[in-house]
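# Examining the three-dimensional arrangement
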Amino acid sequence: MYDYDLLVVGSANADLVVGVERRPGAGETVLGGDLAVHPGGKGANQAVAAARLGARTALLARVGDDGHGRLLLDSLRSAGVDTDAVLTGGAPTGVALITVDPSGDNSIVVSPGANARLTEDDVRAAAGVLGAARVVSAQLEIPLETVAAVVRALPEGTRFVLNPSPPRPLPADVLAACDPLVVNEHEARVLLGDQESGDDPAGRARRLLALGPRSVVVTLGAEGALVCDAAGARAVPSVAVAAVDTTGAGDAFTAALAWRLGAGGELAEAAAYAARVGAAAVTRRGAQDSYPTAAEVAALDA
């Protein structure tokens, strides 16, 4: 019935990555290592991660008619992602400036470029692709109005997964469509409007669920994740690994989660599998370059 297991609607960026001993403070200059350029962006990352796991995947995005755009298209196609809905032109390809410290933690600044030109009209023009997908996932590195247009255009029975990153307040109709809403702890606090809250992750997940999504997943890094729906909140473990670079690990998690849910997996089971995919991803440098195959995830469990 479906041509695609997953349609990702989102951003495509060139990741400009520099390793640093520590991240600079305000007004400070810190020397780093050699600059590395990788294909990235939360949308392209999710599409590549899902395709590498074996999902039939398409991407609706916009890139510039430039070298960074060609880098992204080559990476998507080599992973097996259908790029027919990737639009070209309107602005330079988006760029993410990323610093990575020795522990693998990163800080990111994004220049949206062409991502900001992905419009509601583009969503309407892609109605055929939307109708051919079992699950649609989105993020917020594209305009919120475009994400809202995706929600309005979803065919009946299509599951919608949203990672609201970077976080901002969400309209009620977007929240109501999320199944699940996928957030890390920072994003959860922003959406709840209480960054100083002393709630534990389960408490925040229950409060997020009360905002209107059908289900919620809170990612907890090395501690795994927490899922929450009408059945309550449940912890999901991860796998202990030596982290090298966390860039794009959350995107790998979300892609794996969306794919497994579309295949009929229960929320906690799908999140447990996604946590293993995210764990595998942090053992390698880069975003898309780090994403495992299904066989590599299975080996991690052994």
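So, here's what we can say about the structure.

Calculation rules
- Residues numbered from 1 in each chain as written.
- Predicted model: local features only at pLDDT ≥ 70, side-chain atom pairs only at ≥ 80, totals over all residues.
- Heavy atoms only, no water.
- Helix = DSSP H or I, 4+ residues; strand = E, 2+ residues; numbered from the N terminus.
- Rg over C-alpha atoms; globule rule 2.2 N^0.38 Å.
- Buried < 20%, exposed > 50% of the residue type's maximum accessible area, 1.4 Å probe, protein only.
- Areas by Shrake-Rupley, 256 points an atom, 1.4 Å probe, with all protein chains shown as cover.
- Pairing = 2+ DSSP bridges.
- Axes fitted to C-alpha atoms, helices over the stretch in contact; angles between N-to-C directions.
- Contact = heavy atoms within 4.5 Å.
- Arc of directions from axis to C-beta.
- Phe/Tyr/Trp six-rings, centres within 6.5 Å; stacked < 30°, edge-to-face > 60°.
- Lys NZ or Arg CZ within 6 Å of the ring centre and 35° of its normal.

### A few points about the overall build of the chain
Counting its secondary structure elements, the chain contains eleven helices and 13 strands. For the chain, whose C-alpha radius of gyration is 18 Å, the value lies close to the compact-globule estimate of 19 Å for 302 residues. Seen through its C-alpha atoms, the chain measures out along the principal axes to roughly 50 × 45 × 40 Å. The 302 residues of the chain split such that 55% are buried. Total accessible area on the chain stands at roughly 12,200 Å², and carbon and sulfur atoms take up 52% of it.

### A word on the sheet that holds strand E4 (residues 57-63)
Spatially, nine strands are ordered E5-E4-E1-E8-E9-E10-E11-E12-E13 in an open sheet, and the strand pairing comes out mixed. Every other strand in the sheet has two partners, leaving strand E5 (86-88) and strand E13 (232-236) as the edge strands with one partner each. Direction aside, neighbouring strands of the sheet carry axes that sit 20° apart on average. Bridge count for strand E9 (residues 159-163) against strand E10 (residues 178-184) is two bridges, and the pairing is parallel. In the strand pairing of E10, Phe 160 is matched with Cys 178. Across the sheet, helix H1 (residues 42-53) is in contact with strand E1 (4-9), E4, strand E8 (133-139) and E9; its angle to E4 comes to roughly 160°. Sitting on the sheet, helix H5 (residues 144-153) touches E1, E8 and E9, and the angle it makes with E9 is about 165°.

### Overview of helix H7 (residues 185-192)
For H7, the complete set of buried residues consists of Glu 187, Ala 188, Leu 191 and Leu 192. The arc enclosing the buried residues of H7, seen along the axis, measures out at 130°, which places them on a common side. Those residues of H7 that are buried lie in contact with E9, E10 and helix H8 (201-209). Immediately beyond the C-terminal end of H7, within one or two residues, lies Gly 193, with a positive phi of roughly 75°.

### Things to note about the packing of aromatic side chains
For any pair of aromatic rings, the description consists of the separation of the ring centres together with the inter-plane angle of the planes. Throughout the structure, instances matching the rule amount to one aromatic pair. Seen in terms of ring centroids, Trp 259 and Tyr 273 are 6.3 Å apart; in terms of plane orientation they differ by 65°. Their pairing is edge-to-face. One end of the pair, Trp 259, is in helix H9 (residues 249-262); the other, Tyr 273, is in helix H10 (residues 267-281), and 14 residues separate them in sequence. We classify Trp 259 as buried; its relative accessible area is 17%. We classify Tyr 273 as buried; its relative accessible area is 7%. Across the ring face of Trp 259, the terminal group of Arg 260 is positioned such that the distance to the ring centre comes to 6.0 Å. Here Arg 260 stacks its cationic end above the ring of Tyr 273, 3.9 Å away from the centre of that ring.

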